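Residue-level listing of the chains:
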Amino acid sequence: MNSSTPRGPRGPRGPRGITTQLLHADRLGGVEHGATHKPIHVASAFGYDKAADLVAVFQGERSGHVYARQGNPTTTALEQKITMLEAGCGTVCFATGMAAIAAVMFSLLRQGDHVVASRFLFGNTASLMQTLESIGCSVTLVDATDMANVERALRPTTRIVFVETIANPRTQVADLAAIGTMCATRGLLYVVDNTMSGPCLFRPASVGAGLVVNSLTKSISGHGNALGGAVTDTGCFDWSAYPNILPAYRKGAAATWGLLQVRKKGLRDMGATLTADSAHRISSGAETLVLRVERACENALLLASWLEDRPEVARVHYPGLPSHAQHANARKWFAAFGALLSFELRDGLDMMGFLDALQVVIKSSHLGDNRTLAIPVAPTIFWEMGADKRADMDIADTLIRVSVGIEDIDDLLADFEQALLACCSTVV
Ligand SMILES: *Cc1c(COP(=O)(O)O)cnc(C)c1O
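Definitions and limits used
- Residues numbered from 1 in each chain as written.
- Predicted model: local features only at pLDDT ≥ 70, side-chain atom pairs only at ≥ 80, totals over all residues.
- Heavy atoms only, no water.
- Helix = DSSP H or I, 4+ residues; strand = E, 2+ residues; numbered from the N terminus.
- Rg over C-alpha atoms; globule rule 2.2 N^0.38 Å.
- Buried < 20%, exposed > 50% of the residue type's maximum accessible area, 1.4 Å probe, protein only.
- Contact = heavy atoms within 4.5 Å.
- Areas by Shrake-Rupley, 256 points an atom, 1.4 Å probe, with all protein chains shown as cover.
- Lys, Arg positive; Asp, Glu negative; His and termini not counted.
- Charge placed at Lys NZ, Arg CZ, Asp CG, Glu CD.
- Polar contact = N/O pair within 3.5 Å; in protein donor to acceptor, adjacent residues only side chain to side chain.
- Pairing = 2+ DSSP bridges.
- Axes fitted to C-alpha atoms, helices over the stretch in contact; angles between N-to-C directions.
- Salt bridge = Lys/Arg side-chain N within 4 Å of Asp/Glu carboxyl O.
- Domains from an automatic or database assignment.
- Buried area = accessible area lost by both parts, 1.4 Å probe.
- Near = heavy atom within 4 Å.
- Nonpolar A, V, L, I, M, F, W, Y, C, P; charged D, E, K, R; others polar.
- Phe/Tyr/Trp six-rings, centres within 6.5 Å; stacked < 30°, edge-to-face > 60°.

### Things to note about the overall build of the protein chain
Okay, step 1: Helix and strand content of the protein chain: 14 helices and 14 strands.
Okay, step 2: Whereas a compact globule of 428 residues would reach a radius of gyration of roughly 22 Å, the protein chain reaches 22 Å, a difference of no more than 12%.
Okay, step 3: Projected onto its principal axes, the C-alpha positions of the protein chain cover 75 × 55 × 40 Å.
Okay, step 4: Every one of the 428 residues in the protein chain was classed for burial, and the buried ones make up 54%.
Okay, step 5: For the protein chain, restricting intrachain contacts to residue pairs at least 6 apart in sequence, the fraction spanning at least 24 positions comes to 70%.
Okay, step 6: Carbon and sulfur atoms make up 53% of the accessible area of the protein chain, which totals about 17,900 Å².
Okay, step 7: Of the charged side chains in the protein chain, 38 are positive and 41 negative, and the gap between their average positions amounts to 9 Å.

### Looking at the side chain of Asn244
Okay, step 1: One can find Asn244 in the loop between β9 (229–233) and α8 (257–269).
Okay, step 2: There is a polar contact of 2.9 Å between the side chain of Asn244 and the backbone oxygen of Leu108.
Okay, step 3: Once residues lying within four places of it in the same chain are set aside, the contact partners of Asn244 are Leu108, Leu109, Arg110, Asp113, Arg159 and Gln261.

### Concerning the sheet that holds strand β7 (residues 189–193)
Okay, step 1: Ordered in space as β3-β9-β8-β7-β6-β4-β5, the seven strands form an open sheet in which the pairing is mixed. The open sheet is flanked by β3 (90–94) and β5 (138–142), the only strands paired with a single partner. If you compare each strand with its neighbour and ignore which way they point, the axes differ by 20° on average.
Okay, step 2: Here β3 pairs with β9 via five bridges, running antiparallel. Paired with Thr91 across the strands is Thr232, a residue of β9.
Okay, step 3: Packing of helix α5 (residues 123–134) onto the sheet brings it into contact with β4 (114–118), β5 and β6 (158–164), and relative to β5 it is tilted by some 145°.
Okay, step 4: In the packing of helix α7 (residues 176–186) onto the sheet, contacts are made with β6 and β7, and the angle to β7 comes to roughly 155°.

### Describing the pattern of salt bridges
Okay, step 1: This structure, assessed with the given rule, holds 16 salt bridges.
Okay, step 2: Its salt-bridge partner being Arg119, residue Asp392 comes within 3.6 Å of it at the nearest N-O pair. Note that Asp392 is positioned in helix α13 (residues 386–392) and Arg119 in the loop between β4 and α5, a separation of 273 residues in sequence.
Okay, step 3: Classification of Arg119 as partly exposed rests on a relative accessible area of 22%.
Okay, step 4: A salt bridge links Arg371 to Asp369, with the shortest nitrogen-to-oxygen separation between them at 2.6 Å.
Okay, step 5: Here the residues in one salt-bridge network are Arg170, Arg315, Glu344 and Asp394, joined through shared partners.

### As for the domain arrangement of the protein chain
Okay, step 1: Segmenting the protein chain into domains produces domain 1 (10–286) and domain 2 (289–424).
Okay, step 2: Each of domain 1 and domain 2 has a C-alpha centre, and these two points are 28 Å apart.
Okay, step 3: When the two sides are added together, the surface that domain 1 and domain 2 hide from each other amounts to roughly 3,100 Å², 63% of it contributed by carbon and sulfur.
Okay, step 4: Along the contact surface separating domain 1 from domain 2 lie two salt bridges.
Okay, step 5: Arg170 is paired through a salt bridge with Asp394; the nearest N and O atoms lie 2.4 Å apart.
Okay, step 6: At the boundary of domain 1 and domain 2, one finds 15 residue pairs in polar contact (both at pLDDT 80 or more).
Okay, step 7: Counting residues per element, the side of domain 1 that touches domain 2 draws most heavily on α5, at four residues.

### Let's talk about the sheet that holds strand β12 (residues 362–363)
Okay, step 1: Ordered in space as β10-β11-β14-β13-β12, the five strands form an open sheet in which the pairing is mixed. Both edges of this open sheet fall to β10 (313–317) and β12, since each of them pairs with a single strand only.
Okay, step 2: As paired elements, β10 and strand β11 (residues 340–345) share four bridges and run antiparallel to each other. If you follow Val313 over to β11, its bridge partner there is Leu345.

### Some remarks on the site of the ligand
Okay, step 1: Surrounding the ligand, one finds Thr96, Gly97, Met98, Ile101, Phe122, Asn168, Asp193, Thr195, Ser215, Thr217, Lys218 and Gly228.
Okay, step 2: Met98 places a polar main-chain atom, nitrogen or oxygen, 2.8 Å from an oxygen atom of the ligand.
Okay, step 3: With respect to the ligand, the side chain of Ser215 contributes an N or O atom lying 2.8 Å from an oxygen atom.
Okay, step 4: For the ligand, whose unbound accessible area comes to 380 Å², protein coverage reaches 91%.
Okay, step 5: Looking at which element gives the most residues to the shell around the ligand, the answer is helix α4 (residues 97–108), with three residues.
Okay, step 6: When grouped by side-chain class, the residues that make up the shell around the ligand number three nonpolar, seven polar and two charged.

### Considering the packing of aromatic side chains
Okay, step 1: Counted according to the given criterion, the structure contains eight aromatic pairs.
Okay, step 2: Summarising the aromatic geometry, the rings of Phe237 and Tyr242 are spaced 6.0 Å apart at their centres and angled 75° between planes, so their arrangement reads as edge-to-face. The burial state of Phe237 is the same as that of Tyr242; both residues are buried.
Okay, step 3: When the centroid spacing of 6.4 Å and the interplanar angle of 65° are considered together, the rings of Phe343 and Phe416 count as edge-to-face. Residue Phe343 is located in strand β11, and its partner Phe416 is located in helix α14 (residues 409–424); the two are separated by 73 residues in the primary sequence. Accessibility classification places Phe343 together with Phe416 in one group, the buried group.
Okay, step 4: In this structure an aromatic cluster arises from ring pairing among Phe237, Trp239 and Tyr242.

See below:
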């Protein structure tokens, strides 16, 4: 990671790095018997000796747990780590990344509200936007690689501007800083899905995002063995100016209102709660986040450059390549260029045959895993939306998405090479 890698708050002898903080957070939080991990709290309910204490927790007068749908101590420990990673002021965890995004939308929007979102959205998020429209919100999708397109789409009823840092699968980089400045000037809530870069490459708080979403399923857990999502409040947004905060949540400092409503409506009422077991696995995975991301990004840059030079390959999409349209911004904002790339084979080459020939690389959806995964995009994750929408999102029929893992790079290059040679001899 280069010197712009975000660092956490200062320790007694100077700023402590992310990895040190992740490794020691549980212990320093105080765990019985000196255990180095926060225990997996499986209780559904939490009891109190005094009825008054139970009432106080219910009324938000003191902190504590009552019923585990709204959280448990294992999840709380993870929420504190995500808050640290994003340099935020609070986090709510959910069962999945989609649950986190849905919770933001359904708890903070009302009928008649308008959302401006990037046209290059994760497929399931794009589908969620259609659901929002079907229940009386309106959504305008724009090319968010240029802030002017976002600004032009604004209406008096616009409540949320939603973008992803690096789009999946075509890797367009949103105009993150300019959109942040524009939202701050107009008092708009700026929500950034940071899944594709993750907090050790980029912190959306640095460009004025009010809320940050992360799918914890991806690089933060990294081992492909747990689902989770998180919404972090960066403290950048003035909730006292947001019209949709219910009277019940306009209590105490305005800085806490938004996330409180997301927890109450999005978690308590909608119920997509992260289990303690998953929170524990995500926490363990996160301990090596910086090391894994560093290695995966290194591998991705090497693989992308190598693919770009191959005669069988027509186009490679990766923000780390000088040929990428937003390469200069990516270089400016991100500590490294991410672990996801996509590429198109030359016309006439057998995409399915190429994929079948891969031996180390797994044919799978998912991304941010320690293992390298590849998927043909058009017939799978972008199939349901149809050919017109795919064309609109610049998804070629032969696009292959690769989530680069932490294998030894020579093994990855050798695997791609033998598969490319195999597919060239079976031209369709
Ligand atoms: C995977 C992903 C999500 C959804 O996360 P899940 O944990 O799979 O629900 C949201 N946004 C982006 C950018 C993703 O890659």
